[in-house]
Amino acid sequence: MIVFVTGDLLAAQESYIAQGVAEGNQEGLGTGLALKISKKWPNVQAAFKKYARTGRFIGGHIWTLEPDGNQPGFIYLATQPDICITPRFPIYGKQFAGL
């Protein structure tokens, strides 16, 4: 069951933390919640990046990591294309080329 909570997510006592992330190889996980998770549990981001680099983490897919000791488990849902890559839609290529 999904339960929505408020407060410091990294101090939550739930078994899993779930978040939506961009698909792709995830080299840009250095901001926001991902950065906080990486600093507190570096093994989580290392495991996720290893999986994401296989190219199997695409829109609609999930990646999970089981809880381990005092570390909660993690569920990452691929929710949108990685904005750090070249656009897939040629019609938009020129508009986004300098971003």
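Residues numbered from 1 in each chain as written. Predicted model: local features only at pLDDT ≥ 70, side-chain atom pairs only at ≥ 80, totals over all residues. Heavy atoms only, no water.

Student: Would you explain the environment of Gly 24 in this entry?
Tutor: Relative to the elements of secondary structure, Gly 24 occurs in the loop between strand S1 (16-22) and helix H1 (32-40). With a relative accessible area of 23%, Gly 24 lands in the partly exposed category. The sequence separation of Gly 24 and Ala 78 amounts to 54 residues, and the corresponding C-alpha distance is 8.6 Å. (Helix = DSSP H or I, 4+ residues; strand = E, 2+ residues; numbered from the N terminus. Buried < 20%, exposed > 50% of the residue type's maximum accessible area, 1.4 Å probe, protein only.)

Student: How should I be thinking about the packing of H1 against helix H2 (residues 42-52) in this particular structure?
Tutor: When two helices pack together, their arrangement is given by the angle between the helix axes and the distance between those axes. The contact between H1 and H2 brings their axes to 5 Å, and the two run at 115°. Side by side, H1 and H2 meet where Ala 34, Ile 37, Ser 38, Lys 39 and Lys 40 of the first sit next to Pro 42, Val 44 and Gln 45 of the second. (Axes fitted to C-alpha atoms, helices over the stretch in contact; angles between N-to-C directions. Contact = heavy atoms within 4.5 Å.)

Student: So what exactly am I meant to see when it comes to the nonpolar core here?
Tutor: General note: in soluble globular proteins, nonpolar side chains tend to be found buried as a group. Membership of the largest hydrophobic core comes to 13 residues, with the highest contact counts inside it found for Phe 57, Phe 74 and Tyr 76. For this core, the elements supplying multiple residues, two or more each, are S1, H2 and strand S3 (73-80). (Core = buried A, V, L, I, M, F, W, Y, C linked by side-chain atoms within 4.5 Å.)

Student: I'm lost on the confidence of the model for the protein chain in this one. Help?
Tutor: Predicted coordinates in regions of low pLDDT should not be interpreted in detail. With 76% of its residues at a pLDDT of 70 or more, the protein chain has an overall mean of 80. Considering each helix and strand of the protein chain separately, the mean pLDDT is smallest for helix H3 (residues 90-96), with a value of 54, and largest for strand S2 (residues 62-65), with 94. (pLDDT = per-residue confidence, 0-100.)

Student: Whenever I open this one, the side chain of Gln 71 confuses me. Can you help?
Tutor: Position of Gln 71 relative to the elements: it lies in the loop between S2 and S3. Apart from residues lying up to four places away in sequence, Gln 71 is in contact with Trp 41, Asn 43, Val 44 and Leu 65.

Student: Can you help me understand a nonpolar patch on the surface in this one?
Tutor: Nonpolar side chains collect at one region of the surface, where Met 1, Val 3, Val 5 and Leu 9 lie side by side and expose about 440 Å² of accessible area between them. Inspection of the secondary structure assignment puts Val 3 in the segment before S1. Overall, Val 3 belongs to the exposed group, its relative accessible area being 51%. (Patch = residues over 30% accessible without salt bridge, like charges linked within 9 Å, V, L, I, M, F, W, Y side chains within 5 Å. Areas by Shrake-Rupley, 256 points an atom, 1.4 Å probe, with all protein chains shown as cover. Salt bridge = Lys/Arg side-chain N within 4 Å of Asp/Glu carboxyl O.)

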